[in-house]
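# Overview (structure and organization)
What follows is each chain in one-letter form.
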Amino acid sequence: MKQLTAIYVDGLHVNFSGFAAITNLTMDIRYGEVRAIIGPNGAGKTTLLDVITGKTRPTSGEVYLDKTIDLSRHDEASISRHGISRKFQKPSIFDALNIEQNLELAIRRGRGYVDMLRSRLSGEQHRKIGEVMDLIGLAASPGQLAGTLSHGQKQWLEIGMMLVANPQVLLLDEPVAGMSDHETQRTAELIARLKSPERAVVVIEHDMDFVGQVADLVTVLHEGSVLGEGSMDKIRNDPRVIQVYLGR
Ligand SMILES: Nc1ncnc2c1ncn2[C@@H]1O[C@H](COP(=O)(O)OP(=O)(O)OP(=O)(O)O)[C@@H](O)[C@H]1O
Ligand SMILES: [Mg+2]
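Residues numbered from 1 in each chain as written. Chains lettered and ligands numbered in written order. Predicted model: local features only at pLDDT ≥ 70, side-chain atom pairs only at ≥ 80, totals over all residues. Heavy atoms only, no water.

Next up on the list: the domain arrangement of the chain. When the domains of the chain are assigned, the result is domain 1 (1-83 + 167-248) and domain 2 (94-166). Taking only C-alpha atoms into account, the centre of domain 1 sits 26 Å from that of domain 2. Contacts between the two partners involve 16 residues from domain 1 and, on the opposite side, 14 residues from domain 2. Carbon and sulfur atoms make up 68% of the area that domain 1 and domain 2 hide from each other, which totals about 1,200 Å². When residues of domain 1 are sorted by the area they lose upon contact with domain 2, Pro167, Glu183 and Leu190 head the list and together hold 36% of the total. Put simply, domain 1 and domain 2 have 0 salt bridges between them. Elements supplying a minimum of two residues to the side of domain 1 that touches domain 2: strand E7 (169-173) and helix H7 (181-194). The element best represented in the side of domain 1 that touches domain 2 is H7, accounting for 6 residues. (Domains from an automatic or database assignment. Contact = heavy atoms within 4.5 Å. Buried area = accessible area lost by both parts, 1.4 Å probe. Salt bridge = Lys/Arg side-chain N within 4 Å of Asp/Glu carboxyl O. Helix = DSSP H or I, 4+ residues; strand = E, 2+ residues; numbered from the N terminus.)

Printed below as a string of structure tokens:
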């Protein structure tokens, strides 16, 4: 059984040459939950993901995986190997490869380059790729070139490329930006399927209807600190949150 806490942040500060992007941030993200992080532009949301993934070092304060692994002491590659996977806005899929080949490439990631080209996939790896194609809703056309997919489908493929490695922490920065209403709805359904007692899902989004649909708990950041935390209903009715963010 996993410990309850996946990502533990305590008293975190991040300064960029004197500018405080994150100020005394404390939060606790648990396995089994979908956590939304919302807040105005510049609130520090992406910077928090940068710290969790080792791209940016804390100026001070703590950031842990499973309360035991000090992420400030690991580099990006090591953090990724520990099962923390992050989706950027621009998909890093290969347009000239088809859906299945993109997933095959992703499942081989972490091996040496030559090994990657030569090695055959195990039965278990094939099974995993099939399972992920079902999950992301792209199983009907595994041979379709990624470059010909819609914007939404590319995002789902990118999520699929994360999922083949069974990440225990999934970080999604603005996953529905630029999507049609229909694609946004499908993405909400996909995120619901990603929920697992063994996994924490963190979603940064500005689309509040989407957040209300997917999030178990919402954390509102403002000027690098937590302004409010709770259910979407609670957050929607919080006068301070309305004042700095939702009311605008
Ligand atoms: N590498 C950096 N160097 C200097 N300043 C930075 C750096 N990264 C972020 N910042 C600043 O830190 C603040 C927080 O930025 P961040 O990208 O975390 O905001 P955000 O909440 O993700 O906003 P948005 O909703 O617009 O994506 C901003 O004022 C930004 O300009
Ligand atoms: Mg951002």
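With that settled, consider the pattern of salt bridges. All told, the structure shown has 9 salt bridges when counted by the stated rule. A salt bridge links Arg30 to Asp28; the shortest N-O distance between them is 3.7 Å. For Arg30, a relative accessible area of 37% gives the class partly exposed. We classify Asp28 as partly exposed; its relative accessible area is 21%. Where Glu229 meets Arg35, a salt bridge forms, and the shortest distance between an N and an O atom there is 3.4 Å. Highlighted residues: Glu229 in strand E10 (residues 225-230) and Arg35 in strand E3 (residues 34-38), separated in sequence by 194 residues. A relative accessible area of 2% means that Arg35 is categorised as buried. (Buried < 20%, exposed > 50% of the residue type's maximum accessible area, 1.4 Å probe, protein only.)

Read from one edge to the other, the open sheet built from 6 strands follows the order E6-E7-E8-E3-E9-E10, with strand pairing classed as mixed. Pairing within the sheet leaves two strands with one partner each, and these edge strands are strand E6 (84-87) and E10. Geometrically, the sheet is characterised by an average inter-axis angle of 20° between neighbouring strands, direction not taken into account. Sheet analysis places E3 next to strand E8 (residues 200-204), joined by 4 bridges and oriented parallel. In the strand pairing of E8, Ile37 is matched with Ile204. On the sheet, helix H6 (residues 151-163) packs against E6 and E7 and is oriented at approximately 170° with respect to E6. In the packing of helix H10 (residues 239-246) onto the sheet, the strands contacted are E3, strand E9 (217-222) and E10, and the crossing angle to E10 comes to about 120°. (Pairing = 2+ DSSP bridges. Axes fitted to C-alpha atoms, helices over the stretch in contact; angles between N-to-C directions.)

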